[in-house]
Amino acid sequence: MIAGHLPEHVDVAIVGGGPVGAQLALRLADAGINALAIEARVTTPADPRALALSHASAEALGRVGLWNDTLGATAITRVHVSQAGTLGRTELSAAEIGLPALGHVVPYSALAALALDRLKTGKAAVALGATVTGVDRLARYAQLNVATPHGVHRLTANLVVLAEGGKLLETFDDVTQTVKPYDQHAILATITPNEAHRGVAFERFADDGPMALLPNGDDYTLVWTQTPEGADAKLALSDAEFIAQVGERFAGRIDGFAKVGPRASWPLALKTLDSVVGRRVVMIGNAAQTLHPVAGQGLNLGLRDATTLADLLTITPRALLGEPATLARYADLRRKDAGRVTRFTDGLIGWFESPNPLLKHARSAGLLALDQIGPLRRGFARKMVFGAR
């Protein structure tokens, strides 16, 4: 469906056609629900980010045609977690929990392009090049103002789903967003190891900030958390100096690095809502919560939002799609998983950034316990893959 030929009414209007919004739109289309995805982009711009997706997320995407060999995904078979200056370390293994991979690393631009292509060619209705400029939520329906190349179009929907990052949140009087700045920046870079990574990812809690190395093709994607001043200093280093500093922090684990690509950084903050539902509206993905990248759980959580919402809407009578009882049921279904993952991710930052020697020893003991107690380690690995269920 091309912008300019929009319907007067749909059952569900999905604002955002990225991976989370596209997954929901395709699931609803398969179930015969009259849904429309509204996406401002017509093509996908270049984006240097890489996404760490759990095995469960890849399977969910695959069920609606959003996962295939064209993505160039790299499997993560093991994750090595350690803390600098202590003996604390543990390793999570896909084989130990009976999976071919714990997760996969995929270029964001590749997944976003596939999502856009599936919306263009699949059964889901989509308005491309269209932007929702306002939502009026009434008792029986919501009315959306949609700016298109052909002018402003107004359509109604029983339910509106925000899956575009939450730009419309400030217009809602029954939903409050809380932003917790971390006073940290994440440095992103592609770095090439001297030896093949063999599908092993690393999480290193260094003294000056947590670091993640995600296998991506023949390279690693590096995500390094720093203070704003520290990030500026790291970006100003020469390639050789930067490689040396990364290599120093992974000494004994990785046999150095051959080269590094362009570096970039962005500020980090935790964004949460007091409620992921409001009158005639549901927030999913980054519209519902934006997490610190330390545990790589943000998109995985958003895809589970979409899966749960699709499961609920496909068994809900059309007249009840946007009713308070339906929305309350969705919020209840997502409360445990979203709450635990958000608290876990936020807690990691406070737990590992403290320089207190007693806490450092406690962290080391915790990692060693996780490494030595098989049921605990396997349970933790399953939660990282499947979420809190």
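Residue numbers run consecutively from 1 along every chain, following the written order of its sequence. Side-chain atom pairs in this predicted model are given and counted only at pLDDT of 80 or more, local residue features only at pLDDT of at least 70, and totals for whole chains, interfaces and linings cover all residues. Hydrogens and water are ignored here; the side-chain numbers use all heavy atoms of the structure.

By the naming in an unreviewed UniProt entry, the protein is FAD-dependent monooxygenase, taken from Jeongeupia naejangsanensis. UniProt positions are given in the numbering used here, feature names are shortened, and annotations may be inferred rather than shown by experiment. As its UniProt record puts it under Pathway (unreviewed entry), the protein is described as follows: "Cofactor biosynthesis; ubiquinone biosynthesis." As its UniProt record puts it under Sequence similarities (unreviewed entry), the protein is described as follows: "Belongs to the UbiH/COQ6 family."

**Q** Help me understand the pattern of salt bridges in this model?
**A** Working definition: two side chains of opposite charge can pair if their charged atoms are close together. Just to be clear on terms, a salt bridge is a Lys or Arg side-chain nitrogen sitting within 4 Å of an Asp or Glu carboxyl oxygen. For the structure shown, the criterion picks out 23 salt bridges. Residues D30 and K123 are paired through a salt bridge, measuring 3.3 Å at the closest nitrogen-oxygen approach. Taken as a pair, D30 in helix α1 (residues 19-30) and K123 in the loop between α3 (108-121) and β8 (125-128) lie far apart in primary sequence, 93 residues in all. You can call K123 exposed: its relative accessible area is 62%. Across the pair D346 and K180 runs a salt bridge whose closest N-O atoms are separated by 3.0 Å. Separated by 166 residues along the polypeptide, D346 in helix α7 (residues 324-353) and K180 in strand β12 (residues 177-193) bring together distant segments of the chain. A cluster of three or more residues bridged by salt bridges with shared partners is formed by R137, D173, D174 and R279. Helical segments are the DSSP runs of H or I of at least four residues, strand segments are the runs of E of at least two, and each set is numbered from the N terminus. To sort residues, take the accessible area from a 1.4 Å probe on protein chains only and compare it with the maximum for the residue type: under 20% means buried, over 50% means exposed, and anything in between is partly exposed.

**Q** Any chance you could explain the sheet that holds strand β7 (residues 103-107) here in plain terms?
**A** The strands making up a sheet associate through hydrogen bonds between their backbones, and the pairing can be parallel or antiparallel. A strand pair is defined by DSSP finding two or more bridges across the two strands. Ordered by their spatial adjacency, three strands build an open sheet running β3-β7-β4, and the pairing between neighbours is antiparallel. The open sheet is flanked by β3 (50-54) and β4 (74-76), the only strands paired with a single partner. Across this sheet, the average inter-strand angle for adjacent strands is 30°, counted without regard to direction. Relative to β7, β4 is paired through three bridges, and the arrangement is antiparallel. Along β7, the bridge assignment pairs T74 with V105. Here an angle of 0 to 180 degrees is reported between the N-to-C directions of two axes, which are lines fitted to C-alpha atoms, with helices fitted over the stretch in contact.

**Q** Just checking my understanding: could you explain the packing of aromatic side chains for this structure?
**A** Aromatic ring pairs: the centre-centre distance and the angle between the two ring planes describe each pair. Between 30 and 60 degrees the pair is tilted, below 30 it is stacked and above 60 it is edge-to-face, where a pair is any two Phe, Tyr or Trp rings, Trp via its six-membered ring, whose centres lie within 6.5 Å. Overall, the coordinates contain four aromatic pairs when judged by the stated rule. Arranged with centres 6.0 Å apart and planes meeting at 75°, the rings of F202 and F250 form a pair that is edge-to-face. Taken together, the positions of F202 in strand β13 (residues 200-206) and F250 in the loop between α5 (239-249) and β16 (257-260) put the pair 48 residues apart, joining distant regions of the chain. Across this residue pair, the class does not change: F202 and F250 are buried. Lying over the aromatic face of F172, R137 brings its terminal NZ or CZ to 4.2 Å of the ring centre. Lysine NZ or arginine CZ positioned within 6 Å of the ring centre and within 35 degrees of the ring normal marks a charge as sitting over the ring. The side chain of R263 reaches across the aromatic face of F242, ending 4.5 Å from its centre.

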